[in-house]
Amino acid sequence: VGRGKGAPTSSSVSFSMTTGTGTDRLMLVGVSWNCLTTDRTVSSATFTPSGGSALPLTLVITQQYTWPTNNYRYTAIYSLLAPPSGVAGTVAIPFSDAVANGIVAGAANFAGVNQTNPLGTPVGAVGTGTNSRPSVNLTGLNGNEVVFDSVFMGASATTQSITADSPQSTLWSINGWTSGSSFNTLGAASYKEVTDTSTTMSWTNTGYTSTTTRWAIAAVPINPSTAAVDHTVTFDANGGTGTMAPQVANVPTALTA
């Protein structure tokens, strides 16, 4: 896992990242940023292997905190299918201009991912209020995916934090850049295996006691490289009978590098 942050008025964020070495690889990048009342957008997102050319990342979803108007807080997910194996490099995310209240970003590697149809349908949600908990529901799943989420959360304080609810595994949770006071940008990400046709990604917060606390969350299912067989086959061979149980699907795996 790689991660980085940009201070207030930064116009980009970059960090070191090493790709995984498993088969059927996928890299996902989560980005969270706070523009206050002046909108800024991601210009591009790339992974550049050491000594190589930049590889463009594909936007999966951007979720904006949308209420009240002129509140430009975001979280987004980007993907890189089949990155080179076990290569050190740099993830770089430049913006259209200076981001008033800073940026948090991170990346994670997954293996065992369907290379033809790697991702399901992404979803997002937003919310506000004292001790409000980021959460989003996903439906229409096959029950053999891994779900990845990216979170933005912000309020005026320096000691706030959020923790992924069980059985989610936290990939990163970074309380932005602090210099005497917070700049109201916390970025986080997690993943979990799915065993049902629907699931909820959610986080518990500490220290978010302001009624102006705002959050945005985005999530996407990662499809396994081999789909499960959803029926049992009974057969007759040489006068006998037997049963073939449903095959177990490969489950995408989060890699430590």
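Note that the structure is predicted; figures quoted are calculated from it, not measured. (Residues numbered from 1 in each chain as written. Predicted model: local features only at pLDDT ≥ 70, side-chain atom pairs only at ≥ 80, totals over all residues. Heavy atoms only, no water.)

Student: What is the right way to read the environment of alanine 108 from this model?
Tutor: Tracing the backbone through its elements, the reader meets alanine 108 in strand β9 (residues 103-111). Those residues in contact with alanine 108 that lie beyond four places of it in its chain are Val1, Met17, Leu26, Met27, Leu28, Leu171 and Trp172. (Helix = DSSP H or I, 4+ residues; strand = E, 2+ residues; numbered from the N terminus. Contact = heavy atoms within 4.5 Å.)

Student: Mind showing me how you'd approach unusual backbone geometry here?
Tutor: A negative phi holds for most residues other than glycine; trans holds for most peptide bonds. For the bond running from serine 166 to proline 167, omega is 5°, close enough to zero to count as cis. Position of proline 167 relative to the elements: it lies in the loop between β13 (161-164) and β14 (169-174). Unlike most non-glycine residues, threonine 9 shows phi in positive territory, near 70°. Mapping threonine 9 onto the fold places it in the loop between β1 (2-6) and β2 (10-18).

Student: Just to check I follow, could you spell out the pattern of salt bridges for this structure?
Tutor: Note on pairing: side chains with opposite charge can pair once their charged atoms come close. One pass over the structure, following the stated rule, counts two salt bridges. Among the salt bridges present, the one from arginine 40 reaches aspartate 97, with a minimum N-O distance of 4.0 Å. Residue arginine 40 is located in the loop between β3 (26-34) and β4 (46-49), and its partner aspartate 97 is located in strand β8 (residues 88-99); the two are separated by 57 residues in the primary sequence. For aspartate 97, a relative accessible area of 40% corresponds to the partly exposed category. The salt bridge partner of arginine 133 is aspartate 165, with a shortest N-O separation of 2.2 Å. Placement of the pair is arginine 133 in the loop between β10 (123-128) and β11 (135-138) and aspartate 165 in the loop between β13 and β14, with a sequence separation of 32 residues. For arginine 133, a relative accessible area of 38% puts it in the partly exposed group. Looking at aspartate 165, the relative accessible area reads 14%, which means it is buried. (Salt bridge = Lys/Arg side-chain N within 4 Å of Asp/Glu carboxyl O. Buried < 20%, exposed > 50% of the residue type's maximum accessible area, 1.4 Å probe, protein only.)

Student: I tried to follow the side chain of threonine 185 on my own but got confused; where do I start?
Tutor: Take threonine 185: it is sitting in the loop between β14 and β15 (186-193). Judged by relative accessible area, which is 1%, threonine 185 ranks as buried. Within the structure, the side chain of threonine 185 is placed 2.7 Å from the backbone oxygen of asparagine 101, a separation counted as a polar contact. Once you skip the residues sitting within four places of it in the chain, threonine 185 turns out to touch Ser32, Trp33, Asn34, Asn101, Gly102, Val104, Phe152, Met153, Ile174, Asn175 and Gly176. (Polar contact = N/O pair within 3.5 Å; in protein donor to acceptor, adjacent residues only side chain to side chain.)

Student: Looking at this structure, how should I read the nonpolar core?
Tutor: The nonpolar side chains of a soluble globular protein tend to be buried, and buried together. In terms of nonpolar packing, the biggest core is built from 24 residues, with Val29, Val31, Trp33, Val91 and Ile93 touching the most fellow members. Of all elements in the fold, only β2, β3, β7 (73-81), β8 and β9 reach the threshold of two or more residues within this core. Isoleucine 93 has contacts with Ser12, Val13, Val29, Val31, Val42, Ser44, Ala45 and Ala105, leaving out every residue within four places of it along the chain. Core analysis: the second largest hydrophobic core is formed by 19 residues, Val151, Leu186, Met201 and Ala219 among them. (Core = buried A, V, L, I, M, F, W, Y, C linked by side-chain atoms within 4.5 Å.)

Student: Help me understand the environment of alanine 100 in this model?
Tutor: Turning to its location among the elements, alanine 100 is positioned in the loop between β8 and β9. Under the relative-accessibility criterion, alanine 100 is labelled partly exposed at 27%. Through-space distance from the C-alpha of alanine 100 to that of serine 10 is 7.4 Å; in sequence the pair is 90 residues apart. Leaving out residues up to four positions away in the same chain, alanine 100 has contacts with Pro8, Thr9, Asn34, Cys35 and Leu36.

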